[in-house]
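Here is how the chains run, residue by residue.
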Amino acid sequence: MTSEIIESFEKTRIAGSIAAGALDEVSKIIKPGITTDQIDHLCYEYINDHKAYSAPLFYRGFPKSCCTSTNHVICHGIPKDKKLFEGDIVNVDVTAFKDGWHGDTSRMYFVGDVSVKAKKLSEVTYKSMMKAINILSKNITLGDIGFTIQDYVEREGFSVVRDFCGHGIGQTFHKEPNILHYGKKGTGPKLQPGMIFTIEPMINEGDYQTKMLNDGWTAVTKDKKLSAQFEHTVGITEEGYEIFTLSKKGLNHPPYSI
């Protein structure tokens, strides 16, 4: 790979590690009674302590340092003083901006004991992301990524959100290409070494249709059933791929052993 690509991977690796570390810390505080504002404060402080910046803060007017999406919230939930309750599931989405480069990742968390359905939804969502990541190599198409996720998720009885997608990332937070989580094999542009983007499937318990709340950010399931999401930032190499946002503690999906 060129020196420019090598540098981009090195910078993204650092930013991604910080973002993943913030989510590791979240694992320590998730329990009934905490607020999503507390999660936001923890993420802000952790990223700041590592001499990075929380990219979502003030991005296009977003008021917080991370997104906290609970139960039927699909994505972009705004942290508040509202408490989490036993049985809730919550996605925490963070992006660290370090030395001009971004690392973007999210994970699901269980608040106490959660339902069998919630556990299965979370597991299928995580597996769908990893199945897509595991096929990454130069010359596969974007459609192959979407097909892999959609085929698995729908066979498990869930649905793939269409209104939001993964994205290119680097020195810019969001850029081309869009990474759809549904699609047909062999369609769309081919992957090339040096590409960096996110894969972040949003999977619903019921129908895939969405609704935006009046705050202009929060997206929820139209049928008010559960939704789950996981996200990694990945890069395409000559040999395959690299995941930049893996937990160094192995805390990649719940339940987390702290």
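Here is what the cut-offs are and how they apply
Counting of residues starts from 1 at the beginning of each chain's written sequence and follows it residue by residue. Totals for whole chains, interfaces and linings use every residue, but because this is a predicted model, local features are given only for residues with pLDDT of at least 70 and side-chain atom pairs only at 80 or more, for both listing and counting. Only heavy atoms go into the side-chain values, all of them from the structure, while hydrogens and water stay out. Here a helix means four or more residues in a row that DSSP labels H or I, a strand means two or more in a row labelled E, and each is numbered from the N terminus. In this setup the radius of gyration rests on C-alpha atoms only. A globule is expected at 2.2 Å times the number of residues raised to 0.38. Accessible area is worked out with a 1.4 Å probe on protein chains only. A residue is then buried under 20% of its type maximum, exposed over 50%, and partly exposed in between. We call two residues contacting when some pair of their heavy atoms lies within 4.5 Å. We get accessible surface area from the Shrake-Rupley algorithm with a probe of 1.4 Å; when it comes to residues, only the shown protein chains can shield them. Asp and Glu are treated as the negative residues and Lys and Arg as the positive ones, with His and the ends of the chain left uncounted. The atom standing in for a charge is NZ when the residue is Lys, CZ when it is Arg, CG when it is Asp and CD when it is Glu. When DSSP finds two or more bridges between two strands, those strands count as paired. All axes here are fitted lines through C-alpha atoms, helices being fitted over the stretch that makes contact, and every angle between N-to-C directions spans 0 to 180 degrees. The span you would expect from a helix comes to 1.5 Å times its residue count less one. In this description, a nonpolar core means a group of buried Ala, Val, Leu, Ile, Met, Phe, Trp, Tyr and Cys residues linked to one another through side-chain atoms lying within 4.5 Å. What counts as a ring pair is set by centres within 6.5 Å for rings of Phe, Tyr and Trp (its six-membered ring), and what kind of pair is set by the plane angle: stacked under 30 degrees, edge-to-face over 60, tilted for all other angles. For a lysine, the NZ atom is tested; for an arginine, the CZ atom; a charge sits over a ring if that atom is within 6 Å of the ring centre and within 35 degrees of the ring normal.

K.L.:
Explain the overall build of the chain to me, please; I cannot follow it from the model alone.
P.N.:
Broken down by element type, the chain carries four helices and 15 strands. Here the C-alpha atoms of the chain give a radius of gyration of 17 Å, agreeing with the 18 Å that 2.2 N^0.38 yields for 258 residues. The dimensions of the chain, computed from C-alpha atoms along their principal axes, are 50 × 45 × 35 Å. The buried share of the chain, taken over its 258 residues, is 55%. Long-range contacts, defined here as pairs at least 24 residues apart, represent 70% of the contacts in the chain between residues at least 6 apart. Element-wise, carbon and sulfur atoms account for 50% of the exposed surface of the chain, whose accessible area totals about 11,500 Å². Computing the positive centroid from 30 side-chain charges and the negative centroid from 32, the chain places the two 3 Å apart.

K.L.:
How do you make sense of the sheet that holds strand 12 (residues 219–221) when you look at a structure like this?
P.N.:
Sheet strands line up and pair through hydrogen bonds in the backbone, either parallel or antiparallel. Judged by pairing direction, the sheet is antiparallel, and its three strands sit side by side in the order 3-12-11 without closing on themselves. Either end of the sheet is taken by a strand with one partner, and the two such strands are strand 3 (73–75) and strand 11 (210–212). For this sheet, the mean angle separating the axes of adjacent strands, direction not counted, is 40 degrees. Bridge count between strand 11 and strand 12: three bridges; the pairing is antiparallel. Along strand 12, the bridge assignment pairs Lys-211 with Val-220.

K.L.:
How do you make sense of helix 3 (residues 116–134) when you look at a structure like this?
P.N.:
An α-helical segment advances 3.6 residues per turn. Residues three or four places apart therefore align on the same side. Under the 1.5 Å per step criterion, the end-to-end length of helix 3 is 27 Å for 19 residues, consistent within 8% with the ideal 27 Å. Among all positions of helix 3, only Ala-118, Leu-121, Ser-122, Val-124, Thr-125, Tyr-126, Ser-128, Met-129, Met-130, Ala-132 and Ile-133 are buried.

K.L.:
What is the right way to look at the nonpolar core in this model?
P.N.:
One recurring pattern in soluble globular proteins: nonpolar side chains tend to sit buried together. Of all hydrophobic cores here, the largest spans 55 residues; its most connected members are Leu-136, Ile-145 and Ile-199. Elements with a contribution of two residues or more to this core: helix 1 (3–29), helix 2 (36–49), strand 4 (89–98), strand 5 (101–110), helix 3, helix 4 (142–155), strand 9 (196–199) and strand 14 (232–236). Among the elements that make up this core, the one with the highest residue count is helix 3 (eight residues). Other than its neighbours up to four places away in sequence, Ile-145 contacts Ala-132, Ile-135, Leu-136, Ile-140, Ile-179, Leu-180, Leu-191, Phe-197 and Ile-199. Counting residues in each nonpolar core, the second largest holds seven residues, with Phe-9, Ala-55, Phe-173 and Phe-244 among its members.

K.L.:
What is the right way to look at the packing of aromatic side chains in this model?
P.N.:
The geometry of an aromatic ring pair is captured by the separation of the ring centres together with the interplanar angle, meaning the angle of the planes. Taken as a whole, this structure holds five aromatic pairs when the rule is applied. Arranged with centres 5.2 Å apart and planes meeting at 70 degrees, the rings of Tyr-126 and Phe-230 form a pair that is edge-to-face. Placement of the pair is Tyr-126 in helix 3 and Phe-230 in the loop between strand 13 (227–229) and strand 14, with a sequence separation of 104 residues. Its guanidinium or amino end placed over the ring of Tyr-182, Arg-162 lies 4.9 Å from that ring's centre, counting from NZ or CZ. It is Arg-162 that lies over the ring of Tyr-208; its NZ or CZ is 4.1 Å from the centre.

K.L.:
Got a minute to help me understand helix 2 in this structure?
P.N.:
With 14 residues, helix 2 ought to run about 20 Å at 1.5 Å a step, and its terminal C-alpha atoms sit 20 Å apart, in line with that. Looking at the buried side of helix 2, the elements it contacts are helix 1, strand 1 (53–54), strand 2 (67–70) and strand 4. Backbone geometry just after helix 2 places Lys-51 at a positive phi near 55 degrees.

K.L.:
Which parts of the structure should I look at to understand the sheet that holds strand 10 (residues 202–204)?
P.N.:
The strand order 6-10-13 describes an open sheet built from three strands, whose pairing is antiparallel. Across the chains shown, the open sheet's two edge strands, defined by having one partner strand only, are strand 6 (159–160) and strand 13. Where strand 10 lies against strand 13, three bridges are found, and the strand directions are antiparallel. Counterpart to Asn-204 in the pairing with strand 13 is Ser-227. Against the sheet, helix 3 contacts strand 10 and strand 13, and its axis sits at roughly 35 degrees relative to strand 13.

K.L.:
Just checking my understanding: could you explain the pairing of strand 9 for this structure?
P.N.:
Regular strands have side chains that alternate between both faces of the sheet. Going residue by residue along strand 9, you find Ile-196 and Thr-198 tucked away on one face and Phe-197 and Ile-199 tucked away on the opposite face as well. Summarising the sheet, strand 9 and strand 14 pair through four bridges and their orientation is antiparallel. From the neighbouring strand, Phe-197 faces strand 14, where its bridge partner is Val-234.

K.L.:
Whenever I open this one, unusual backbone geometry confuses me. Can you help?
P.N.:
Glycine aside, negative phi is the norm for most residues, and most peptide bonds take the trans geometry. In this chain, Glu-176 is followed by Pro-177 through a cis amide linkage whose omega measures 0 degrees. Inspection of the secondary structure puts Pro-177 in strand 8 (residues 175–179). Despite not being glycine, His-76 has its phi angle at roughly 65 degrees, a positive value. Considering the arrangement of structural elements, one finds His-76 in the loop between strand 3 and strand 4.

Geometric values such as these leave the question of function open.
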